[in-house]
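# Inside the fold
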Amino acid sequence: MIRGILIGILSIAVIGTSYWGYKEHQEKSAVLIQAENSYQRAFHDLTYRVDQLHDRIGATLAMNSRESLSPALADVWRITSEAQSDVGQLPLALLPFNKTEEFLAGISDFSYKAAVRDLEKDPLTEKEYKTLKSMYSEAADVQKELRKVQSLVLENNLRWMDVELALASGQKQMDNTIVDGLKTVEENVKSYSESQFGASLTSMKKNLGFDNLEGKEINAEEAEKIAKKFVENKVTDIKVTENGDGADYEFFSVSMDDKEQKVDINMDITKKGGYPIFLVQNREVAEKKISLNQATENARKFLNEHGFEDLDLFESAQYDNVGVFSFVSIENGVRIYPDALRMKVALDDGQVIGFSARDYLAAHKKRDIPKPKISKEEAAKMLNPSLEVQEDRLALIINEFKEEVLCYEFLGTIENDTYRIFINAEDGTEEKVEILKNPEPIFQDV
(Lines give C-alpha, C1' and ligand atoms only; values in the text may rest on other atoms or scores of the structure.)
Protein backbone atom coordinates (compact mmCIF):
# COMPACT_ATOMS: atom_id res chain seq x y z
CA MET A 1 0.00 0.00 0.00
CA ILE A 2 2.84 2.37 1.00
CA ARG A 3 4.52 1.57 -2.29
CA GLY A 4 1.35 2.54 -4.16
CA ILE A 5 1.10 5.86 -2.24
CA LEU A 6 4.77 6.68 -3.02
CA ILE A 7 4.26 5.91 -6.71
CA GLY A 8 1.18 8.13 -6.70
CA ILE A 9 3.07 11.04 -5.05
CA LEU A 10 6.00 10.67 -7.46
CA SER A 11 3.63 10.58 -10.42
CA ILE A 12 1.93 13.79 -9.26
CA ALA A 13 5.34 15.44 -8.73
CA VAL A 14 6.52 14.44 -12.21
CA ILE A 15 3.29 15.66 -13.82
CA GLY A 16 3.44 18.93 -11.81
CA THR A 17 7.07 19.57 -12.74
CA SER A 18 6.35 18.82 -16.38
CA TYR A 19 3.38 21.20 -16.38
CA TRP A 20 5.46 23.95 -14.67
CA GLY A 21 8.26 23.47 -17.23
CA TYR A 22 5.75 23.60 -20.06
CA LYS A 23 4.23 26.87 -18.73
CA GLU A 24 7.71 28.40 -18.27
CA HIS A 25 8.61 27.45 -21.83
CA GLN A 26 5.35 28.95 -23.09
CA GLU A 27 5.94 32.23 -21.25
CA LYS A 28 9.53 32.50 -22.51
CA SER A 29 8.37 31.79 -26.05
CA ALA A 30 5.70 34.49 -25.75
CA VAL A 31 8.30 37.07 -24.61
CA LEU A 32 10.69 36.11 -27.44
CA ILE A 33 7.90 36.26 -30.03
CA GLN A 34 6.87 39.69 -28.76
CA ALA A 35 10.46 40.98 -28.96
CA GLU A 36 10.90 39.50 -32.44
CA ASN A 37 7.66 41.12 -33.61
CA SER A 38 8.80 44.49 -32.25
CA TYR A 39 12.14 44.24 -34.07
CA GLN A 40 10.45 43.17 -37.30
CA ARG A 41 7.97 46.06 -37.08
CA ALA A 42 10.73 48.61 -36.41
CA PHE A 43 12.82 47.33 -39.34
CA HIS A 44 9.97 47.28 -41.86
CA ASP A 45 8.82 50.72 -40.64
CA LEU A 46 12.38 52.00 -41.12
CA THR A 47 12.50 50.68 -44.68
CA TYR A 48 9.11 52.22 -45.44
CA ARG A 49 10.10 55.59 -43.96
CA VAL A 50 13.36 55.76 -45.89
CA ASP A 51 11.22 55.13 -49.00
CA GLN A 52 8.97 58.01 -47.93
CA LEU A 53 11.96 60.20 -47.12
CA HIS A 54 13.49 59.71 -50.54
CA ASP A 55 10.20 60.50 -52.30
CA ARG A 56 9.47 63.53 -50.12
CA ILE A 57 12.94 65.06 -50.65
CA GLY A 58 12.52 64.47 -54.38
CA ALA A 59 9.16 66.25 -54.34
CA THR A 60 10.69 69.14 -52.38
CA LEU A 61 13.34 69.61 -55.05
CA ALA A 62 10.63 70.04 -57.67
CA MET A 63 8.69 72.68 -55.71
CA ASN A 64 8.80 76.28 -56.73
CA SER A 65 6.23 77.76 -54.39
CA ARG A 66 7.63 78.81 -51.04
CA GLU A 67 4.19 78.30 -49.47
CA SER A 68 4.54 74.59 -50.31
CA LEU A 69 8.23 74.34 -49.50
CA SER A 70 7.93 75.00 -45.75
CA PRO A 71 5.29 72.28 -45.10
CA ALA A 72 7.22 69.85 -47.33
CA LEU A 73 10.45 70.40 -45.40
CA ALA A 74 8.53 70.04 -42.13
CA ASP A 75 7.25 66.71 -43.45
CA VAL A 76 10.82 65.61 -44.27
CA TRP A 77 11.77 66.50 -40.71
CA ARG A 78 8.81 64.47 -39.35
CA ILE A 79 9.62 61.39 -41.43
CA THR A 80 13.29 61.57 -40.49
CA SER A 81 12.43 61.80 -36.80
CA GLU A 82 10.25 58.69 -37.12
CA ALA A 83 13.05 56.86 -38.96
CA GLN A 84 15.47 57.79 -36.16
CA SER A 85 12.99 56.36 -33.67
CA ASP A 86 12.82 53.11 -35.68
CA VAL A 87 16.61 52.79 -35.70
CA GLY A 88 16.59 53.27 -31.93
CA GLN A 89 14.24 50.30 -31.50
CA LEU A 90 16.45 47.84 -33.37
CA PRO A 91 18.95 45.67 -31.44
CA LEU A 92 21.97 47.46 -32.88
CA ALA A 93 23.79 48.39 -29.67
CA LEU A 94 26.75 46.20 -30.66
CA LEU A 95 26.70 47.05 -34.36
CA PRO A 96 28.28 50.35 -35.48
CA PHE A 97 25.38 52.19 -37.06
CA ASN A 98 26.27 55.68 -35.95
CA LYS A 99 27.04 57.06 -39.45
CA THR A 100 23.53 56.18 -40.60
CA GLU A 101 22.10 57.79 -37.47
CA GLU A 102 24.22 60.89 -38.10
CA PHE A 103 23.00 60.95 -41.70
CA LEU A 104 19.37 60.93 -40.53
CA ALA A 105 20.17 63.53 -37.87
CA GLY A 106 21.76 65.73 -40.53
CA ILE A 107 18.65 65.59 -42.73
CA SER A 108 16.44 66.22 -39.70
CA ASP A 109 18.44 69.27 -38.63
CA PHE A 110 18.68 70.72 -42.14
CA SER A 111 14.95 70.32 -42.88
CA TYR A 112 13.87 71.66 -39.50
CA LYS A 113 16.03 74.78 -39.81
CA ALA A 114 14.76 75.49 -43.30
CA ALA A 115 11.12 74.73 -42.45
CA VAL A 116 10.86 77.11 -39.50
CA ARG A 117 12.51 80.09 -41.15
CA ASP A 118 10.67 82.69 -43.25
CA LEU A 119 11.46 81.46 -46.77
CA GLU A 120 9.84 84.55 -48.25
CA LYS A 121 12.48 86.77 -46.70
CA ASP A 122 15.27 84.21 -46.62
CA PRO A 123 14.83 81.66 -49.45
CA LEU A 124 16.94 78.53 -49.86
CA THR A 125 20.38 79.32 -51.26
CA GLU A 126 22.06 77.52 -54.16
CA LYS A 127 24.27 75.72 -51.65
CA GLU A 128 21.22 74.52 -49.72
CA TYR A 129 19.59 73.25 -52.92
CA LYS A 130 22.83 71.40 -53.65
CA THR A 131 22.65 69.86 -50.16
CA LEU A 132 19.03 68.80 -50.79
CA LYS A 133 20.08 67.10 -54.03
CA SER A 134 22.87 65.26 -52.22
CA MET A 135 20.42 64.16 -49.52
CA TYR A 136 18.08 62.87 -52.23
CA SER A 137 20.87 60.88 -53.88
CA GLU A 138 22.14 59.42 -50.61
CA ALA A 139 18.62 58.54 -49.41
CA ALA A 140 18.24 56.54 -52.65
CA ASP A 141 21.35 54.48 -51.82
CA VAL A 142 20.18 53.81 -48.27
CA GLN A 143 16.73 52.91 -49.59
CA LYS A 144 18.23 50.45 -52.09
CA GLU A 145 20.37 48.66 -49.50
CA LEU A 146 17.56 48.47 -46.94
CA ARG A 147 15.21 47.03 -49.53
CA LYS A 148 17.79 44.35 -50.36
CA VAL A 149 17.99 43.38 -46.69
CA GLN A 150 14.20 43.46 -46.41
CA SER A 151 13.72 41.15 -49.38
CA LEU A 152 16.22 38.65 -47.92
CA VAL A 153 14.55 38.83 -44.50
CA LEU A 154 11.14 38.09 -46.05
CA GLU A 155 12.41 35.44 -48.45
CA ASN A 156 14.39 33.47 -45.87
CA ASN A 157 12.25 34.17 -42.79
CA LEU A 158 15.26 35.66 -40.99
CA ARG A 159 14.85 36.53 -37.34
CA TRP A 160 16.14 39.61 -35.53
CA MET A 161 16.54 37.59 -32.33
CA ASP A 162 19.30 35.67 -34.14
CA VAL A 163 20.93 39.00 -35.03
CA GLU A 164 20.85 40.05 -31.40
CA LEU A 165 22.39 36.75 -30.31
CA ALA A 166 25.04 36.96 -33.05
CA LEU A 167 26.00 40.49 -31.99
CA ALA A 168 26.00 39.64 -28.29
CA SER A 169 28.09 36.45 -28.69
CA GLY A 170 30.47 38.03 -31.20
CA GLN A 171 30.53 34.70 -33.02
CA LYS A 172 30.11 34.18 -36.73
CA GLN A 173 26.68 32.74 -37.31
CA MET A 174 25.54 30.58 -40.19
CA ASP A 175 23.51 33.42 -41.66
CA ASN A 176 24.51 37.00 -40.96
CA THR A 177 22.49 38.46 -43.80
CA ILE A 178 20.90 41.18 -41.71
CA VAL A 179 24.17 42.19 -40.04
CA ASP A 180 26.06 42.17 -43.34
CA GLY A 181 23.30 44.16 -45.05
CA LEU A 182 23.26 46.84 -42.37
CA LYS A 183 27.05 47.03 -42.46
CA THR A 184 26.77 47.75 -46.19
CA VAL A 185 24.31 50.56 -45.47
CA GLU A 186 26.74 51.97 -42.92
CA GLU A 187 29.71 51.73 -45.29
CA ASN A 188 27.80 53.54 -48.04
CA VAL A 189 26.76 56.34 -45.71
CA LYS A 190 30.36 56.71 -44.53
CA SER A 191 31.38 57.63 -48.04
CA TYR A 192 28.95 60.53 -47.92
CA SER A 193 30.92 63.60 -46.97
CA GLU A 194 29.81 65.17 -43.72
CA SER A 195 30.83 68.55 -45.10
CA GLN A 196 27.82 68.50 -47.43
CA PHE A 197 25.60 69.27 -44.48
CA GLY A 198 27.87 72.10 -43.40
CA ALA A 199 27.16 73.46 -39.96
CA SER A 200 23.82 71.70 -39.76
CA LEU A 201 25.30 68.25 -39.18
CA THR A 202 28.02 69.34 -36.82
CA SER A 203 25.42 71.10 -34.72
CA MET A 204 23.61 67.78 -34.25
CA LYS A 205 26.67 66.15 -32.77
CA LYS A 206 27.08 66.36 -29.09
CA ASN A 207 30.33 67.85 -27.95
CA LEU A 208 31.51 64.82 -26.04
CA GLY A 209 35.05 65.99 -25.55
CA PHE A 210 36.61 68.60 -23.29
CA ASP A 211 38.34 70.61 -26.00
CA ASN A 212 38.48 73.83 -23.97
CA LEU A 213 40.41 72.44 -21.01
CA GLU A 214 43.73 73.99 -20.11
CA GLY A 215 46.70 72.55 -18.22
CA LYS A 216 49.15 69.69 -18.47
CA GLU A 217 48.34 66.00 -18.47
CA ILE A 218 48.32 64.39 -15.05
CA ASN A 219 49.31 60.85 -14.08
CA ALA A 220 47.59 58.31 -11.82
CA GLU A 221 49.40 59.48 -8.65
CA GLU A 222 48.31 63.06 -9.25
CA ALA A 223 44.74 61.89 -9.91
CA GLU A 224 44.74 60.17 -6.51
CA LYS A 225 45.94 63.36 -4.77
CA ILE A 226 43.24 65.42 -6.49
CA ALA A 227 40.56 62.90 -5.53
CA LYS A 228 41.59 63.03 -1.85
CA LYS A 229 41.20 66.82 -1.84
CA PHE A 230 37.61 66.50 -3.02
CA VAL A 231 36.40 64.33 -0.16
CA GLU A 232 36.26 65.09 3.55
CA ASN A 233 36.15 61.39 4.42
CA LYS A 234 39.05 59.33 5.70
CA VAL A 235 39.40 57.13 2.67
CA THR A 236 41.37 53.92 2.12
CA ASP A 237 41.67 51.30 -0.64
CA ILE A 238 42.11 53.96 -3.30
CA LYS A 239 42.15 52.48 -6.79
CA VAL A 240 42.92 54.51 -9.92
CA THR A 241 42.17 53.17 -13.42
CA GLU A 242 42.49 54.74 -16.84
CA ASN A 243 39.64 55.04 -19.32
CA GLY A 244 39.20 52.18 -21.78
CA ASP A 245 39.58 52.28 -25.55
CA GLY A 246 36.92 54.15 -27.47
CA ALA A 247 36.24 56.80 -24.81
CA ASP A 248 35.45 60.28 -26.14
CA TYR A 249 38.02 61.82 -23.83
CA GLU A 250 40.79 60.66 -21.51
CA PHE A 251 40.17 60.40 -17.79
CA PHE A 252 41.04 58.53 -14.60
CA SER A 253 38.41 56.74 -12.52
CA VAL A 254 39.15 56.78 -8.79
CA SER A 255 37.32 54.53 -6.32
CA MET A 256 37.68 55.08 -2.57
CA ASP A 257 36.31 53.51 0.62
CA ASP A 258 35.39 55.21 3.86
CA LYS A 259 35.27 52.07 5.99
CA GLU A 260 34.42 53.92 9.20
CA GLN A 261 31.18 55.33 7.76
CA LYS A 262 30.70 52.49 5.24
CA VAL A 263 30.71 54.81 2.24
CA ASP A 264 31.83 54.02 -1.32
CA ILE A 265 33.10 57.02 -3.25
CA ASN A 266 33.69 57.16 -7.00
CA MET A 267 35.16 59.97 -8.98
CA ASP A 268 36.26 60.65 -12.57
CA ILE A 269 39.05 63.15 -13.29
CA THR A 270 40.19 64.45 -16.69
CA LYS A 271 43.73 63.57 -17.68
CA LYS A 272 44.22 67.00 -19.15
CA GLY A 273 44.37 69.53 -16.35
CA GLY A 274 43.09 67.11 -13.66
CA TYR A 275 39.55 68.52 -13.51
CA PRO A 276 36.81 66.63 -11.60
CA ILE A 277 34.08 65.34 -13.94
CA PHE A 278 31.86 63.80 -11.28
CA LEU A 279 31.88 62.63 -7.68
CA VAL A 280 29.38 60.25 -6.11
CA GLN A 281 29.19 59.12 -2.50
CA ASN A 282 27.01 56.05 -2.02
CA ARG A 283 25.54 56.24 1.45
CA GLU A 284 22.25 56.43 3.31
CA VAL A 285 21.24 59.98 4.22
CA ALA A 286 19.85 60.21 7.74
CA GLU A 287 17.17 62.55 9.07
CA LYS A 288 17.37 66.17 7.95
CA LYS A 289 19.28 68.44 10.33
CA ILE A 290 20.12 71.47 8.18
CA SER A 291 17.98 73.74 5.99
CA LEU A 292 18.13 73.99 2.22
CA ASN A 293 19.67 77.48 2.61
CA GLN A 294 22.47 76.10 4.77
CA ALA A 295 23.03 73.35 2.21
CA THR A 296 23.24 76.03 -0.51
CA GLU A 297 25.98 77.80 1.42
CA ASN A 298 27.84 74.48 1.79
CA ALA A 299 27.59 73.94 -1.97
CA ARG A 300 28.93 77.45 -2.67
CA LYS A 301 31.79 76.94 -0.21
CA PHE A 302 32.68 73.61 -1.85
CA LEU A 303 32.78 75.25 -5.28
CA ASN A 304 34.94 78.15 -4.12
CA GLU A 305 37.37 75.83 -2.33
CA HIS A 306 37.85 73.83 -5.52
CA GLY A 307 38.38 76.70 -7.92
CA PHE A 308 34.89 77.00 -9.45
CA GLU A 309 34.30 80.74 -9.28
CA ASP A 310 31.82 83.27 -10.71
CA LEU A 311 28.87 80.89 -10.50
CA ASP A 312 25.26 81.82 -9.92
CA LEU A 313 22.68 79.53 -8.27
CA PHE A 314 20.14 78.70 -10.94
CA GLU A 315 17.88 76.06 -9.37
CA SER A 316 17.51 74.38 -6.01
CA ALA A 317 15.18 71.64 -4.88
CA GLN A 318 14.81 69.15 -2.05
CA TYR A 319 14.20 65.43 -2.58
CA ASP A 320 13.72 63.53 0.67
CA ASN A 321 16.74 64.52 2.76
CA VAL A 322 18.92 65.64 -0.13
CA GLY A 323 19.33 69.16 -1.55
CA VAL A 324 19.90 69.35 -5.32
CA PHE A 325 21.46 72.48 -6.82
CA SER A 326 22.32 73.76 -10.30
CA PHE A 327 24.83 76.54 -10.83
CA VAL A 328 25.73 78.38 -14.03
CA SER A 329 28.59 80.74 -14.89
CA ILE A 330 28.01 84.45 -14.74
CA GLU A 331 30.11 86.87 -16.77
CA ASN A 332 29.61 90.64 -16.67
CA GLY A 333 26.13 90.04 -15.29
CA VAL A 334 25.19 87.59 -18.09
CA ARG A 335 24.17 84.08 -17.08
CA ILE A 336 25.95 81.47 -19.21
CA TYR A 337 23.50 78.54 -19.21
CA PRO A 338 25.66 76.09 -21.22
CA ASP A 339 28.19 76.21 -18.31
CA ALA A 340 25.98 74.22 -15.94
CA LEU A 341 27.20 72.46 -12.82
CA ARG A 342 25.05 70.21 -10.60
CA MET A 343 25.44 69.14 -6.98
CA LYS A 344 23.76 67.10 -4.25
CA VAL A 345 24.15 67.97 -0.59
CA ALA A 346 23.07 65.63 2.23
CA LEU A 347 20.76 67.48 4.63
CA ASP A 348 21.82 65.35 7.61
CA ASP A 349 25.38 66.68 7.87
CA GLY A 350 25.68 69.15 4.94
CA GLN A 351 28.26 67.07 3.07
CA VAL A 352 28.49 67.20 -0.73
CA ILE A 353 27.52 63.68 -1.87
CA GLY A 354 27.12 64.33 -5.61
CA PHE A 355 28.89 66.63 -8.02
CA SER A 356 28.80 66.77 -11.82
CA ALA A 357 30.86 69.25 -13.84
CA ARG A 358 30.41 67.37 -17.14
CA ASP A 359 28.51 70.12 -18.99
CA TYR A 360 30.59 72.88 -17.41
CA LEU A 361 33.92 71.35 -18.51
CA ALA A 362 32.61 70.71 -22.03
CA ALA A 363 31.21 74.22 -22.55
CA HIS A 364 33.20 76.61 -20.38
CA LYS A 365 35.54 78.87 -22.35
CA LYS A 366 36.44 82.51 -22.87
CA ARG A 367 33.63 84.16 -24.81
CA ASP A 368 33.14 87.49 -26.52
CA ILE A 369 29.61 88.19 -25.42
CA PRO A 370 28.00 90.57 -27.92
CA LYS A 371 26.10 93.70 -26.95
CA PRO A 372 22.30 93.43 -27.21
CA LYS A 373 20.89 95.04 -30.36
CA ILE A 374 17.49 95.67 -28.85
CA SER A 375 16.65 97.15 -25.47
CA LYS A 376 15.07 95.26 -22.58
CA GLU A 377 11.89 97.31 -23.06
CA GLU A 378 11.71 96.32 -26.75
CA ALA A 379 12.23 92.65 -25.81
CA ALA A 380 9.50 92.88 -23.16
CA LYS A 381 7.02 93.90 -25.88
CA MET A 382 7.42 90.37 -27.35
CA LEU A 383 6.12 88.78 -24.14
CA ASN A 384 2.61 87.55 -23.55
CA PRO A 385 0.79 90.63 -22.14
CA SER A 386 -0.61 88.45 -19.34
CA LEU A 387 2.87 87.71 -17.97
CA GLU A 388 3.65 89.53 -14.73
CA VAL A 389 7.43 89.89 -14.85
CA GLN A 390 9.20 89.32 -11.53
CA GLU A 391 12.83 89.20 -12.67
CA ASP A 392 14.82 89.94 -15.80
CA ARG A 393 18.45 89.64 -16.84
CA LEU A 394 20.69 88.90 -19.81
CA ALA A 395 21.51 85.25 -20.46
CA LEU A 396 23.38 83.14 -23.00
CA ILE A 397 21.49 79.97 -23.96
CA ILE A 398 21.62 77.16 -26.52
CA ASN A 399 18.69 77.51 -28.92
CA GLU A 400 16.87 74.84 -30.98
CA PHE A 401 19.64 74.96 -33.57
CA LYS A 402 22.29 74.17 -30.92
CA GLU A 403 23.69 77.68 -31.27
CA GLU A 404 24.63 80.00 -28.43
CA VAL A 405 22.43 83.11 -28.49
CA LEU A 406 22.27 86.14 -26.22
CA CYS A 407 18.78 86.64 -24.79
CA TYR A 408 16.83 88.65 -22.30
CA GLU A 409 15.57 86.23 -19.66
CA PHE A 410 12.22 87.09 -18.08
CA LEU A 411 10.88 85.23 -15.07
CA GLY A 412 7.21 85.86 -14.41
CA THR A 413 3.79 84.44 -13.66
CA ILE A 414 0.54 83.93 -15.53
CA GLU A 415 -2.20 83.14 -13.01
CA ASN A 416 -0.80 80.24 -10.90
CA ASP A 417 2.05 79.20 -13.19
CA THR A 418 5.60 80.52 -13.29
CA TYR A 419 7.42 80.86 -16.61
CA ARG A 420 10.98 81.48 -17.75
CA ILE A 421 11.00 83.12 -21.19
CA PHE A 422 14.03 83.91 -23.33
CA ILE A 423 13.78 86.66 -25.96
CA ASN A 424 16.64 86.96 -28.48
CA ALA A 425 18.56 90.17 -27.68
CA GLU A 426 19.44 90.67 -31.36
CA ASP A 427 16.14 90.34 -33.21
CA GLY A 428 13.42 89.85 -30.56
CA THR A 429 12.68 86.20 -31.47
CA GLU A 430 11.04 84.16 -28.68
CA GLU A 431 13.79 81.53 -28.33
CA LYS A 432 12.52 79.39 -25.47
CA VAL A 433 9.63 79.23 -23.01
CA GLU A 434 9.82 77.02 -19.93
CA ILE A 435 7.15 76.45 -17.33
CA LEU A 436 8.69 76.01 -13.90
CA LYS A 437 7.56 73.06 -11.84
CA ASN A 438 5.27 73.67 -8.92
CA PRO A 439 5.59 71.51 -5.79
CA GLU A 440 3.80 68.19 -6.27
CA PRO A 441 0.67 67.81 -4.11
CA ILE A 442 0.72 65.06 -1.49
CA PHE A 443 -2.39 63.15 -2.51
CA GLN A 444 -2.49 61.05 0.64
CA ASP A 445 -3.27 64.19 2.59
CA VAL A 446 -5.92 65.46 0.17
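Our structure's up above, just so we're on the same page.
What comes next concerns the included structure. From a predicted model like this one, the values you see are computed outputs, not experimental measurements.

A complete count under the given rule lists 27 salt bridges for this structure. In this structure, Arg78 engages Glu82 in a salt bridge whose closest nitrogen and oxygen atoms are separated by 3.3 Å. Within this pair, Arg78 and its partner Glu82 are both found in helix α2 (residues 66-89), separated by four residues, close to a single helical turn. Taking the relative accessible area as the measure of exposure, Glu82 reaches 26% and is therefore partly exposed. Ionic pairing is found between Arg283 and Asp349, a salt bridge with its closest N-O pair at 3.0 Å. Here the residue Arg283 occupies a position in the loop between β4 (276-282) and α9 (292-305), and Asp349 occupies one in the loop between β7 (334-346) and β8 (352-356), the gap between them amounting to 66 residues. Under the relative-accessibility criterion, Arg283 is labelled buried at 19%.

Below, the discussion takes up the packing of aromatic side chains. Counted under the stated rule, the structure contains 10 aromatic pairs. Relative to Trp160, the ring of Phe43 has its centre 5.3 Å away and its plane inclined at 50°; by these criteria the two rings are tilted. With Phe43 in helix α1 (residues 2-62) and Trp160 in helix α5 (residues 160-169), this residue pair connects regions lying 117 residues apart in the sequence. Exposure remark for Phe43: the relative accessible area of 0% places this residue in the buried category.

Position of Glu145 relative to the elements: it lies in helix α4 (residues 126-156). The exposure class assigned to Glu145 is buried, which follows from its relative accessible area of 11%. Once you skip the residues sitting within four places of it in the chain, Glu145 turns out to touch Thr184, Val185 and Asn188.

Thresholds applied
- Residues numbered from 1 in each chain as written.
- Predicted model: local features only at pLDDT ≥ 70, side-chain atom pairs only at ≥ 80, totals over all residues.
- Heavy atoms only, no water.
- Salt bridge = Lys/Arg side-chain N within 4 Å of Asp/Glu carboxyl O.
- Helix = DSSP H or I, 4+ residues; strand = E, 2+ residues; numbered from the N terminus.
- Buried < 20%, exposed > 50% of the residue type's maximum accessible area, 1.4 Å probe, protein only.
- Phe/Tyr/Trp six-rings, centres within 6.5 Å; stacked < 30°, edge-to-face > 60°.
- Contact = heavy atoms within 4.5 Å.

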